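Tertiary structure, described
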Amino acid sequence: MNKSPAEAASCEELIAGVIRPLVRGWQAYHVPPAEGMVKLDAMENPHTLPPELHAQLARRLAAAELNRYPVPSYTRLKQEICARLGVPEGYDVLLGNGSDELIAILSAACAVPGRKVLAPEPSFVMYQVSALSAGLEYVGVPLRADLTLDLPAMLAAMAQHRPAITYLSYPNNPTGTLFARADVLRIVEAAAPYGLVVVDEAYQPFAGTSLMPALPQFNNLVLMRTVSKLGLAGIRLGYMSAAPALLREFDKVRPPYNINVLTEAAALFVLEHLDVLEGQAARLREARTVLAASLAALDGVEVFPSAANFVLIRVPDAEKVFAALLARKVLVKNAGRMHALLRNCLRITVSTEEENAAFLAALQAALAEL
Ligand SMILES: *Cc1c(COP(=O)(O)O)cnc(C)c1O
C-alpha cells in the first residue's frame, strides 16, 4: 500500500465526513449462514426444474451472447411477460433486477426532500430502506393486533402525510395476511388525488387472487411482481405495470442494462414452461394447508392465516424456540425481532413434505424443552 501524505484523511475521517449519518447508523442486510440446514427462512421454492428441462435450458444459456450488452428495450421478454402473466391489454411492464430494484426505481423517480412514503407495519422492510436511501421520509402505520389492516388508521395517516407512494404487500410479508380487496381499493381511491399506491404481489402465485385486472381503473395504481417466490429467486427478475405514461417516467431512472442476458434467456425459457412452476405453486398451497393444520393442533402455538408460501406462528418464547430449531439444523425467521406486533413470532417457509415434517418434529422437540 502507498504511504498516505501527512494531510490525507484516515478511513474513519473519510467515513465521518462523507458517508451519510443515516447510513453510518445502519446494519448491513444480514443473511444467516444456511450450510447443511433445512432452509425455511427466505420463502424460496424448494422444487427445482425437472431434469428433462435442464439440458434444454443449458443450450439456451450457452447461446446467450455474453460478449454483448443486453438490448436494453427487452421487448421480447416484456411481451412474453405481458402475454402470459395477465397484464391488461394496452399495458406494458418495466423490468427490474429483482423487485428490490423496482422499489429503488420508484424511490428515485419520486424523491423530493420532504416527500413521504407510507406503508403498514410490519411489512416488507425494503419499502422503508429504499425510501430513506433516496432521501424520502417514511411513515409506518401499525397493523391491528390480529395483523389485519387498520383501514381507518391508514386513511387518517394518508390524509395527514399525503404520501407520494403508499406500499401494500398483497399478501403481506412477514405476516401472510391477505388484506381485504375492498380496503386496498379504498386506499387506491384515497390516494388518487395526489399519490401512487404500489400493490406488491410477490406472493401472488400462492394467493389465488390479483389486482392486476384492476389496473385500467386507476391512474395511480402500480402493480409489482417478482419471479423470486415462484421458484426463480436466483435469476433476480421483477416486473411492474402501471398506466403507460407513468411507466415511461419510471423507465428514465432505470439503469439501462439492468437485466443481464443470462437472466433474460432463462426467463424466456421458463415462461415457455410456466405450467411447471404453477404446478409447484399448487403443491405448495396444498402443503401450506397441511402444515397450518398440523401447527394449529400443537399446544401453545398460534397460527395466523396465510395466503403466501410461508406461515407465521406465535409460540411462548420465540428466542428459545428459534435457538432450539437451529440446534436441530432448521433455519426459520425469528420474526419476533422485526416488530413489536410480532412478539414471539416465527415465520416459516412452506417447503416439501419431508422438510415440513422435519420442521414439525424439530418444533415439537423445541416446545417440549421450554
Ligand atoms: C421477497 C419480496 C420481494 C423481493 O423480491 P425480489 O424480486 O427477490 O427482489 C418484494 N416484495 C415482497 C413483499 C417480498 O416478500
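Please read these numbers as outputs of a predicted model, since none were measured by experiment.

**A short note on the pattern of salt bridges**
- In the structure shown here, the tally under the stated rule is 13 salt bridges.
- Linking D251 and R254 is a salt bridge whose minimum nitrogen-to-oxygen distance equals 2.6 Å.
- Residue R328 is joined to E369 by a salt bridge in which the shortest nitrogen-to-oxygen separation is 2.5 Å. Of this pair, R328 sits in the loop between α13 (318-327) and β11 (330-331) while E369 sits in helix α14 (residues 353-369), placing them 41 residues apart in sequence.
- By relative accessible area, R328 is classed as partly exposed at 31%.

**Regarding the packing of helix α12 (residues 274-296) against α14**
- Interaxial distance between α12 and α14 falls to 11 Å at its minimum, and their mutual angle equals 10 degrees. Looking at the two axes, α12 sits roughly parallel to α14. Mapping the contact onto sequence places A287, L291, S294 and L295 in α12 and N356, F359, L360 and L363 in α14.
- When the residues that make up the contact of α12 with α14 are grouped by side-chain class, the tally is six nonpolar, two polar and no charged.

**Considering the domain arrangement of the protein chain**
- As assigned here, the protein chain comprises domain 1 (20-49 + 276-369) and domain 2 (68-272).
- A C-alpha centroid distance of 24 Å is found between domain 1 and domain 2.
- The partner domain 2 presents 29 residues to the 25 residues of domain 1 that form the contact.
- Summed over both partners, the interface of domain 1 with domain 2 comes to about 2,300 Å²; 69% of that surface belongs to carbon and sulfur atoms.
- Applying the counting rule to domain 1 against domain 2 returns zero salt bridges.
- For the pair domain 1 and domain 2, the number of links is nine residue pairs in polar contact (both at pLDDT 80 or more).
- Those elements that place two or more of their residues in the side of domain 1 that touches domain 2 are α12 and β10 (310-314).
- A per-element tally of the side of domain 1 that touches domain 2 places α12 first, with five residues.

**With respect to the site of the ligand**
- Near the ligand you find 14 residues, and of these D200, Y203, T226, S228 and K229 are the closest.
- Measuring from an oxygen atom of the ligand, one finds a side-chain N or O atom of T226 at 2.5 Å.
- Take K229: an N or O atom from its side chain is 3.1 Å from an oxygen atom of the ligand.
- For the ligand, the protein covers 94% of the area, taking 390 Å² as the surface of the free molecule.
- For the shell around the ligand, the elements supplying multiple residues, two or more each, are α5 (99-110) and α9 (228-232).
- Within the shell around the ligand, the residues separate by chemical class into four nonpolar, six polar and four charged.

**Examining the nonpolar core**
- In terms of nonpolar packing, the biggest core is built from 59 residues, with I81, L95 and L237 touching the most fellow members.
- The greatest single-element share of this core, amounting to six residues, is contributed by helix α11 (residues 261-272).
- Residues from two domains meet in this core; each of domain 1 (20-49 + 276-369) and domain 2 (68-272) gives at least three.
- Discounting residues that sit within four places of it in the chain, I81 has contacts with G86, V87, V93, L95, L237, Y239 and L271.

**Focus on the environment of A358**
- Inspection of the secondary structure puts A358 in helix α14.
- A relative accessible area of 33% means that A358 is categorised as partly exposed.
- Along the backbone, A358 and A190 are 168 residues apart, and their C-alpha atoms lie at a distance of 46 Å.

**Looking at the side chain of H47**
- Looking at the secondary structure, you find H47 in the loop between β1 (38-39) and α3 (51-63).
- Residue H47 is classed as buried on the basis of its relative accessible area, which comes to 14%.
- Excluding anything up to four places from it in sequence, H47 contacts Q280, R283, L284 and T352.

**Some points on the packing of aromatic side chains**
- For the structure shown, the criterion picks out four aromatic pairs.
- Aromatic side chains Y69 and Y257 sit 4.4 Å apart centroid to centroid with 25 degrees between the ring planes, which places their arrangement in the stacked category. Linking Y69 in the loop between α3 and α4 (75-84) with Y257 in the loop between α10 (244-251) and α11, this pair joins segments that are 188 residues apart in sequence.
- Accessibility expressed as a relative area gives 40% for Y257, which makes it partly exposed.
- Geometrically, the ring pair formed by Y203 and F310 is edge-to-face, given 5.3 Å between the ring centres and 80 degrees between the ring planes. A residue pair is termed long-range when its members are at least 10 positions apart, and Y203 in the loop between β6 (196-200) and β7 (221-226) and F310 in strand β10 qualify at 107 residues.

**Remarks on the sheet that holds strand β2 (residues 93-96)**
- Taken together, seven strands build an open sheet; the order of strands is β2-β8-β7-β6-β5-β3-β4 and the sheet is mixed. Both edges of this open sheet fall to β2 and β4 (137-142), since each of them pairs with a single strand only. Recorded for the sheet is a direction-independent mean angle of 25 degrees between the axes of neighbouring strands.
- When strand β3 (residues 116-121) meets strand β5 (residues 165-169), the two strands line up parallel, connected through two bridges. Across the sheet, L118 pairs through a bridge with T166, a residue of β5.
- Docked against the sheet, α4 engages β2 and β8 (238-241), running at close to 115 degrees with respect to β2.
- Running at roughly 165 degrees to β3, helix α6 (residues 126-133) makes contact with β3, β4, β5 and β6 of the sheet.

The rules behind these values
Residues numbered from 1 in each chain as written. Predicted model: local features only at pLDDT ≥ 70, side-chain atom pairs only at ≥ 80, totals over all residues. Heavy atoms only, no water. Salt bridge = Lys/Arg side-chain N within 4 Å of Asp/Glu carboxyl O. Helix = DSSP H or I, 4+ residues; strand = E, 2+ residues; numbered from the N terminus. Buried < 20%, exposed > 50% of the residue type's maximum accessible area, 1.4 Å probe, protein only. Axes fitted to C-alpha atoms, helices over the stretch in contact; angles between N-to-C directions. Parallel < 35°, antiparallel > 145°, perpendicular 65-115°, else oblique. Contact = heavy atoms within 4.5 Å. Nonpolar A, V, L, I, M, F, W, Y, C, P; charged D, E, K, R; others polar. Domains from an automatic or database assignment. Buried area = accessible area lost by both parts, 1.4 Å probe. Polar contact = N/O pair within 3.5 Å; in protein donor to acceptor, adjacent residues only side chain to side chain. Near = heavy atom within 4 Å. Areas by Shrake-Rupley, 256 points an atom, 1.4 Å probe, with all protein chains shown as cover. Core = buried A, V, L, I, M, F, W, Y, C linked by side-chain atoms within 4.5 Å. Phe/Tyr/Trp six-rings, centres within 6.5 Å; stacked < 30°, edge-to-face > 60°. Pairing = 2+ DSSP bridges.

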